[in-house]
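One-letter residues, chain by chain:
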There are 2 protein chains.
Amino acid sequence: MRFSKKTEYALRAVLILADHPPNQTLQIQELSSISGVSVKFLEQILLALKKEGILRSKRGVGGGYQLDLPARSITLGQVIRVMDGDLCNLSSTTTSHDTPAYAGSSGLQTRFSEIDTQINQVLNDTSLEEILSMDRPKDVLAFDI
Amino acid sequence: MRFSKKTEYALRAVLILADHPPNQTLQIQELSSISGVSVKFLEQILLALKKEGILRSKRGVGGGYQLDLPARSITLGQVIRVMDGDLCNLSSTTTSHDTPAYAGSSGLQTRFSEIDTQINQVLNDTSLEEILSMDRPKDVLAFDI
DNA sequence: TTATTCCCCACCAATTTAATCGGGAATGAG
DNA sequence: CTCATTCCCGATTAAATTGGTGGGGAATAA
């Protein structure tokens, strides 16, 4: 059980955007060279993120992408969910008529849904801003002056 | 991000075995019809579980499979790990030479490793017995007499 | 009206997942 | 001993998903 490349690339992209001034747009070409993801593949990802209201974009000269919300209020959970859908899902794999005994142990369902909730709590509680500040804790440096 | 069929079927199988008297063996044919999983596919799964010491088996007439440990001391984590390997790994998705800026935000790594720990705690803390008692809480009924 | 930049959909290749097939080896009954 | 039974095991195949490409269309602003 791991995260897909798409999810990983999406996280790279939004972190790059979060690391730039909020009213500056970045073109897909720039995002591509910074993140190391091909323009065409990134395109799919950015469009999906846009459709979900995480990014906004502008066409034509001087256009590009930017976050549609402050980095403080975009969470890992939101981004991941756009790309990968539900986390920790067991029941979605069972088809409609396929319900023999033990196909869906309700106890099992319950446990997995609890786990799902826990994961989501952590992911929905971590903002892009928080990730950035973990990467370069400049606040801490202030104390060294 | 979801669990594979193999994992799901493995969980079905061990729950069925956990729901039978500990010293009774079930043949693969029975497990197949109860769980709704084909004999041949189930075979792969049971052999993997056996190799990891979760099941034991006996060949010939009257043979079959049974848990190699009490249901109380087999956890969801053990079963899932046999089928799917590591849970929730992000760092493994980045290849060696592929490390441009933002490829590995250390803050992101840290957060994901925290999440991984949390998931494992829940999964390693839930036994088959516990799942069964969630499915049919007969202890609760005793109070109604 | 034209260069620029995002938008959209279809396609392809590689990998992984799901499942099947055809025997082989241990076990115990007779 | 031999034979039915039941697990063991590797190879193969089919379907689905993932990762990635390509080509053209639509908005925007100079």
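Once that is clear, we can look at the pattern of salt bridges. Enumeration over the complete set of coordinates arrives at eight salt bridges over all chains. A salt bridge links Glu 8 of chain A to Arg 12 of chain A, with the nearest nitrogen and oxygen atoms 2.9 Å apart. Here Glu 8 of chain A and its partner Arg 12 of chain A are both found in helix 1 (residues 5-18), four residues apart, which amounts to about one turn of the helix. By relative accessible area, Glu 8 of chain A is classed as buried at 3%. Using a relative accessible area of 2% as the deciding quantity, one classes Arg 12 of chain A as buried. One network of salt bridges, with partners in common, ties together Glu 130 of chain A together with Arg 111 and Glu 114 of chain B.

Secondary-structure assignment places Arg 111 of chain B in helix 5 (residues 106-124). On the basis of relative accessible area, Arg 111 of chain B is assigned to the buried category, the value being 12%. If we skip the residues at most four places from it in the chain, Arg 111 of chain B touches Leu 76, Val 122, Thr 126, Glu 130, Ile 131 and Met 134 of chain A.

As a further point, take the nonpolar core. Among the nonpolar cores identified, the biggest contains 74 residues, and Leu 49 of chain A together with Leu 49 of chain B are the most heavily contacted of them. Setting aside its immediate chain neighbours within four residues, Leu 49 of chain B contacts Ala 10, Val 14, Ile 54, Leu 55, Val 79, Val 82 and Met 83 of chain B.

All names here are of chain B. Where strand 1 (residues 55-58) lies against strand 2 (residues 64-67), four bridges are found, and the strand directions are antiparallel. Among the inter-strand pairings, Arg 56 is bridged to a residue of strand 2, identified as Gln 66. Hairpin geometry of strand 1 and strand 2 is characterised by an intervening segment of five residues between the two adjacent antiparallel strands and by a positive phi of about 80° at Gly 60.

Turning our eyes to something else, we now look at helix 5 of chain B. Compared with an ideal rise of 1.5 Å per residue, which puts 19 residues at 27 Å, helix 5 of chain B spans 27 Å between its outermost C-alpha atoms and is within 8% of the ideal. Within helix 5 of chain B the residues assigned to the buried category are Gly 107, Leu 108, Arg 111, Phe 112, Ile 115, Ile 119, Asn 120, Val 122 and Leu 123 of chain B. Looking at the packing, one finds that the buried side of helix 5 of chain B touches helix 1, helix 4 (76-84), helix 5 (106-124) and helix 6 (128-135) of chain A together with helix 4 (76-84) of chain B.

Rules used in this analysis
- Residues numbered from 1 in each chain as written.
- Chains lettered and ligands numbered in written order.
- Predicted model: local features only at pLDDT ≥ 70, side-chain atom pairs only at ≥ 80, totals over all residues.
- Heavy atoms only, no water.
- Salt bridge = Lys/Arg side-chain N within 4 Å of Asp/Glu carboxyl O.
- Helix = DSSP H or I, 4+ residues; strand = E, 2+ residues; numbered from the N terminus.
- Buried < 20%, exposed > 50% of the residue type's maximum accessible area, 1.4 Å probe, protein only.
- Contact = heavy atoms within 4.5 Å.
- Core = buried A, V, L, I, M, F, W, Y, C linked by side-chain atoms within 4.5 Å.
- Pairing = 2+ DSSP bridges.
- Expected span 1.5 Å × (residues − 1).

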